[in-house]
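Observations on the model geometry
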Amino acid sequence: MEFVRILKDYDHLWAVKQPDKEDDELTDIFNRWNNAEYLLNFFMKNFNDLKSYFHIERISEAIAETFEDADALEQLILEFPYTENLDNIFHPLDITDANEASLSRNKARNWNRNRHTSWLRVYAIRIEPNIYIVTGGAIKLIRTMQEREHTNRELDKLNSCKNYLKSHGVFDIDSFVELINE
Amino acid sequence: MSKTLDFLKEHESQSPSRFVEMATWRKENDGWLRWSRNIALSLIDYMQSHNLSRTGLAEELGVTPQYVSKILSGKVNFSFKSVYEIENKLGISCMSVNLAE
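First, a word on scope: everything that follows refers to the structure included in this document. (Residues numbered from 1 in each chain as written. Chains lettered and ligands numbered in written order. Predicted model: local features only at pLDDT ≥ 70, side-chain atom pairs only at ≥ 80, totals over all residues. Heavy atoms only, no water.)

**Thoughts on the sheet that holds strand E6 (residues 131-139) of chain A**
All names here are of chain A. Stated formally: In this analysis, strands are considered paired if DSSP registers two or more bridges between them. Helix numbering and strand numbering both begin at the N terminus, where a helix is a DSSP run of H or I of at least 4 residues and a strand a DSSP run of E of at least 2. As a rule, the C-alpha atoms of each element are fitted with a line to give its axis, helices using only the stretch in contact, and angles between N-to-C directions run from 0 to 180 degrees.
What the six strands build is an open sheet, ordered E1-E2-E6-E5-E4-E3; its pairing is mixed. Strands at the two margins of the open sheet, each flanked by one partner only, are strand E1 (2-5) and strand E3 (90-92). On average, adjacent strands in this sheet sit at an angle of 40° to one another, irrespective of strand direction. Sheet analysis places strand E5 (residues 120-128) next to E6, joined by eight bridges and oriented antiparallel.

Written out as structure tokens, the structure is:
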């Protein structure tokens, strides 16, 4: 597993880069969220979820909303590192992660979206305050990640990155200090 | 320097991220990309209402499925002539839809 820095000279936001893929995970999800053909295939496959949870039956409407939402989220991410305020944008995935001292799994989305809750998610491991590694992202139309294959896969990617870091002895500063004081 | 940052730097990929480059390109080309995206959305409306696959749409347009994929990417800098041909063949208007607003 390799990592790329999202903004040159800034240490706050990183992304996983698989050696066999052209782009890192963050670049890749925004390329997909800006491609109408990818989105058409996705919403056709997940049409029942779109209809049941968001009451949208016109696929072009779902795609237009994804474009709009992706633009806003992309802009937000571009501005984050300069404010050094990533902890306000990424939130723990669940209560277990909220209580984790190190390497917690987090999600970011456009938290202030109008009309309906944003369905775009960026997933990341928090390694230190304001330092995150993006592992992927998804269009989440249902309540829990375990319910659908594509979101479950993102959960696997989060866990795999966390395990990789753990197996290489990477901890946040506090837990590292705790460990050496034991 | 923290231990975690040291680790990331040691495992940093040789190829830098293209996120900023791609995001900047989208922002700089936002004006005409909106038109291109609207054409893709019009075609998707047509496909959904006529229950057509990408191949079916390609047949109606008299183009290859690969060209339909290109149009659906929402990143084609069309000529007015190409847009007219799409509109004429399908009997739709592509330039007036603006779902995002």
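From this point on, the discussion continues.
**Looking at the packing of aromatic side chains**
The geometry of an aromatic ring pair comes down to the distance between the two centres and the angle between the two planes. Stated precisely, the cut-off is as follows: Note on aromatic pairs: the rings of Phe, Tyr and Trp (six-membered ring only in Trp) are paired at centre separations within 6.5 Å, and the planes decide the class, stacked below 30 degrees, edge-to-face beyond 60, tilted for the rest. The buried label applies to any residue whose accessible area, calculated with a 1.4 Å probe on protein chains only, is under 20% of its type's maximum; exposed applies above 50%, and partly exposed to all values in between. Both a distance and an angle decide whether a charge sits over a ring: NZ of Lys or CZ of Arg must be within 6 Å of the ring centre and within 35 degrees of the ring normal.
Tallied over the full model, the rule gives 10 aromatic pairs over all chains. Centroid distance Phe 30 of chain A to Phe 19 of chain B: 5.5 Å. Interplanar angle 65°. Geometry classified as edge-to-face. Taken together, the residues span two chains, with Phe 30 of chain A in helix H1 (residues 25-32) and Phe 19 of chain B in helix H2 (residues 19-28). Overall, Phe 30 of chain A belongs to the buried group, its relative accessible area being 0%. Connected via pairs of aromatic rings, a cluster forms that spans Phe 42, Phe 43, Phe 54 and Trp 119 of chain A. Its guanidinium or amino end placed over the ring of Phe 67 of chain A, Arg 37 of chain B lies 4.1 Å from that ring's centre, counting from NZ or CZ.

**Side note on the side chain of Asp 97 of chain A**
Residue and element names in this part refer to chain A. Using the following cut-off: We call two residues contacting when some pair of their heavy atoms lies within 4.5 Å.
You can see Asp 97 is positioned in helix H6 (residues 95-98). Given the relative accessible area of 2%, Asp 97 is considered buried. Aside from chain neighbours lying at most four places away, what touches Asp 97 is Pro 92, Ser 104 and Arg 105.

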